[in-house]
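Residue strings, one per chain:
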Amino acid sequence: MLDMKPWYQSKTVWGALIAIAAPLLGRAGLEMGGAEQAEIADALTTLAGTVGGLLALYGRLTATKGVGG
């Protein structure tokens, strides 16, 4: 893989985390079907990407030194 992305932007990672959490939540009385799991994974991927972008922008705007090679 040549193109890399942060782990939190991966639908596979979020899907796996939700797949791990779903049975535990089921034991607690909260049932989740496959469609709900997919929707949650999509929402979390979008949210994580947005938060990551905002943090990067904040970091750049508040930086005290320039970026150089």
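Residues numbered from 1 in each chain as written. Predicted model: local features only at pLDDT ≥ 70, side-chain atom pairs only at ≥ 80, totals over all residues. Heavy atoms only, no water.

In the nomenclature of an unreviewed UniProt entry, the protein corresponds to Holin from the organism Rhizobium rhizophilum.

Run through the nonpolar core, naming residues and quoting values.
Counting six residues, the largest nonpolar core is built from Trp14, Ile18, Ala22, Met32, Ala41 and Ala48. Those elements that place two or more of their residues in this core are α1 (11-27) and α2 (34-62). Looking at this core element by element, the count peaks at three residues for α1. Beyond its immediate sequence surroundings of up to four residues, Ala22 is in contact with Leu30, Met32 and Gln37. (Core = buried A, V, L, I, M, F, W, Y, C linked by side-chain atoms within 4.5 Å. Buried < 20%, exposed > 50% of the residue type's maximum accessible area, 1.4 Å probe, protein only. Helix = DSSP H or I, 4+ residues; strand = E, 2+ residues; numbered from the N terminus. Contact = heavy atoms within 4.5 Å.)

If you had to explain α2 to someone new, which residues and values would you point to?
Over its 29 residues, α2 extends 42 Å from the first C-alpha to the last, a length consistent with the 42 Å expected when each residue adds 1.5 Å. Buried residues of α2: Ala41, Thr45, Ala48 and Gly52, and no others. Next to the buried residues of α2 lie α1. (Expected span 1.5 Å × (residues − 1).)

Summarise the pattern of salt bridges; cite the residues concerned and give the values.
Enumeration according to the criterion identifies one salt bridge in this entry. A salt bridge links Lys11 to Asp42; the nearest nitrogen and oxygen atoms lie 3.5 Å apart. With a gap of 31 residues between them, Lys11 in helix α1 and Asp42 in helix α2 connect regions that are remote in the sequence. (Salt bridge = Lys/Arg side-chain N within 4 Å of Asp/Glu carboxyl O.)

Before we move on, could you go through the packing of aromatic side chains and cite the residues and values that matter?
Within the structure shown, the criterion is met by two aromatic pairs. A centroid spacing of 5.9 Å and a plane angle of 85 degrees characterise the contact between Trp7 and Tyr8, whose relative ring orientation is edge-to-face. On the basis of an interplanar angle of 35 degrees and a centroid distance of 5.9 Å, the ring pair of Trp7 and Trp14 is categorised as tilted. For Trp14, a relative accessible area of 16% puts it in the buried group. Grouping aromatic residues by their ring pairs yields a cluster made of Trp7, Tyr8 and Trp14. (Phe/Tyr/Trp six-rings, centres within 6.5 Å; stacked < 30°, edge-to-face > 60°.)

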